[in-house]
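Secondary and tertiary structure notes
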Amino acid sequence: MADKMNVKSEASSSSSTIDNGKDESVIDDYGHLKSSCGYCKSRSNTSIAHALLDRGWRRSGCILYKPEMEKTCCPSYTIRLKASDFVPSKEQVRVAKRMQRFLDGSLSIENSDEQKDIMVDNPNRLQSNRIDQMIDYLSDQINSSVLTCIEQGELPSEIQFPKASVKSVAPNKRKLQAEEAQDLVYTCNISFQIAAALRRQAQKNVGTGTDSSLVAEMLSKHLNKLASALSLSVKACNGHVNFYCAETQDVTVGKHVVSHGSSSNNPENFQVKRQNLEIRLKRSTFDREEYELYRKYQIKVHNDTPDHVTESSYTEFLIDSPLIFVQPNGDGTVPSCGFGSFHQQYLVNGKLVAVGVIDILPKCLSSKYLFWDPDLAFLSLGKYSALQEINWVKESQRQCPILQYYYLGYYIHSCNKMRYKAAYRPSELLCPLRYEWVPFDTAKRLLDRKSYVVLSDFAILQNELSLLPNASEDQIEEEETASLIPAKMRKDASNIVIGLRGKHLKYKDIRQAFGPNEQLECRLDKYLTAVGTDLSERMIYSID
């Protein structure tokens, strides 16, 4: 569930009006929202005083929306990253290098429906690059298949499954894998890891697990179309997901020579097909080529029906915007592109392959959506575009210092396929009640236990608990004595209200978030003995 309002606002500089029926809201010079009564025009003291993004709002077209966090089944926390602090992970570095190989010509995949061959300029690069590239690509596709299984209800969504790791199979080991193993080139054991995760979950819920062979069959079913396009076949064998080369393909894994049709393995016949990548930033307007790419993406990747992907739905979703364009002014307060809604186009050799829909606002770039050419899925364009957008913020900050942050939208901890956003580190989540930013590593510990948490309360409490004053020798002796009492014999301190710098939390909530605190429990046990259970639940135990 979410609050919504139709808006027409301004990114910066001038003011504009939001008509919400009775109240009139205005965006000021810094993107902040102010309110006034639609009847008497007086300013409201309860108006939103800061930018909408920093109050948990998002936009879809001209609709602004905000989840009702305490009611929704999937609490959505705004997530951001300070671009100058960004540290890429190994996977993100690998994505960047893969794109560079593609542009250099060492990774070139032609028309995905006709040919999936990699052209390189010498045999040595063929041996190392071809194996690494195919392993990376197949690993990504298996991970995508796991997400598909989750979306279709074949796997539970509440479990965070491990990532796949595909391995090449040496000739002397192929016969150990399967009866038809003379053509086996790649294998993956992810099914065993998924089955183990399911068994662990089943033990908690007193249910039954799933056999690794069944998981392998499930994944193989989703991978068949992909493997066929790569001139490979995929089969489940004893819990493994195995990839076999087609009969028409000449493959030697040791030397890793791959030939299709009349291709020759002679080094002189290897070609370098260099690609040209161009990234353009344009205002948000309808573009026929963009729409055709969006349509292809939605149908092939999200399985939308063709009659559902219309020009009007595309325009309402990704073209219309409440933000009014603000021209650059040359004084460093507005970037050279201006403020407003934009489309960042990615073109390879002049052909549009991806489009990032973004808002450029004071202080940040906010990512809205990305669609890309399904034929280039092996390039992981979603991850690559995020790296480019982070880099754009870093570079633009030199000219416009107020630009510092990259907003990734909503982070949903209870949804596996939305957790990828936390991979861009170090990130922060917005507290849904006090609108304070909390480091993701702190928030994750809380969200692992409960889907909706007032993050700022627990973040402050965690810091304060770590700074509890050292106990005196008498207190230490008393607490050591109390700790000898078995936990089951201690009084129940769950409902004692803890007071800490003006914040009040029940001990059971603290224990759920951070685990038991032996020192504090000893004090609470003594406190309960002194005042009694009834009174302890109506008083506040202060640890200031």
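Calculation rules
- Here, residues in each chain are numbered from 1, in the same order as that chain's written sequence.
- Only residues with pLDDT of at least 70 get local features here, since the model is predicted, and only at 80 or more are side-chain atom pairs given and counted; chain-wide, interface and lining totals rely on the full set of residues.
- In computing side-chain values, all of the structure's heavy atoms are included and hydrogens and water are not.
- Here's how the labels work: a residue is buried when its accessible area is under 20% of the maximum for its type, exposed when over 50%, partly exposed in between, all with a 1.4 Å probe on protein chains only.
- Helical segments are the DSSP runs of H or I of at least four residues, strand segments are the runs of E of at least two, and each set is numbered from the N terminus.
- This arc corresponds to the set of directions leading from the helix axis out to the C-beta atoms.
- By definition, two strands form a pair when at least two bridges between them are found by DSSP.
- Angles run from 0 to 180 degrees between N-to-C directions of axes, and those axes are lines fitted to C-alpha atoms, restricted for helices to the stretch in contact.
- Only Phe, Tyr and Trp rings take part, Trp by its six-membered ring, and two of them pair if their centres are within 6.5 Å. Stacked means planes under 30 degrees apart, edge-to-face means over 60, and tilted covers everything else.

To continue, consider helix α8 (residues 440-447). An α-helical segment advances 3.6 residues per turn. Residues three or four places apart therefore align on the same side. Residues of α8 that are buried: F440, T442, A443, L446 and L447. Projected onto a plane normal to the axis of α8, the buried residues spread over an arc of 155° and lie on a single side.

Let's shift gears to unusual backbone geometry. Backbone phi values are negative for most residues with the exception of glycine, while trans is the configuration of most peptide bonds. Going from R425 to P426, the amide bond is cis rather than trans, its omega being 0°. For P426, the position within the fold is in the loop between β20 (405-411) and β21 (427-430). One non-glycine residue, N303, lies in the positive phi region at around 60°. Looking at where N303 falls in the secondary structure, it is placed in the loop between α5 (288-301) and α6 (311-319). Of note, N349 is a non-glycine position whose phi angle comes to about 55°, a positive value. Looking at the element boundaries, N349 is found in the loop between β17 (340-348) and β18 (351-361).

This part is about the sheet that holds strand β8 (residues 77-82). The strand order β15-β17-β18-β19-β20-β8-β21-β22 describes an open sheet built from 8 strands, whose pairing is mixed. The sheet is open, and its two edges are formed by β15 (277-283) and β22 (437-439), each paired on a single side. Across the sheet, the mean angle separating the axes of adjacent strands is 30° when strand polarity is ignored. Inspection of the sheet shows β8 paired to β20 by 6 bridges, in the antiparallel sense.

So, on to the environment of K97. Inspection of the secondary structure puts K97 in helix α1 (residues 90-104). Along the primary structure K97 and Y384 are separated by 287 residues, whereas in three dimensions their C-alpha atoms are 10.0 Å apart.

Take the environment of V185 next. Inspection of the secondary structure puts V185 in strand β10 (residues 184-188). Classification of V185 as buried rests on a relative accessible area of 3%. The spacing of V185 and S168 is 17 residues in sequence and 5.7 Å in space, taken between C-alpha atoms.

A separate point is the packing of aromatic side chains. With the rule as written, the count across this model stands at 16 aromatic pairs. Ring centres 5.6 Å apart and planes at 50° place the aromatic pair Y291 and Y314 in the tilted group. You can see Y291 sitting in helix α5 and its partner Y314 sitting in helix α6, a full 23 residues away along the chain. What makes Y291 buried here is its relative accessible area of 5%. Take Y314: its relative accessible area is 0%, and that puts it in the buried class. Judged by centre distance (5.9 Å) and plane angle (80°), the ring pair of Y407 and W437 falls under edge-to-face. Of the two residues, Y407 is situated in strand β20 and W437 in strand β22; the sequence distance between them amounts to 30 residues.

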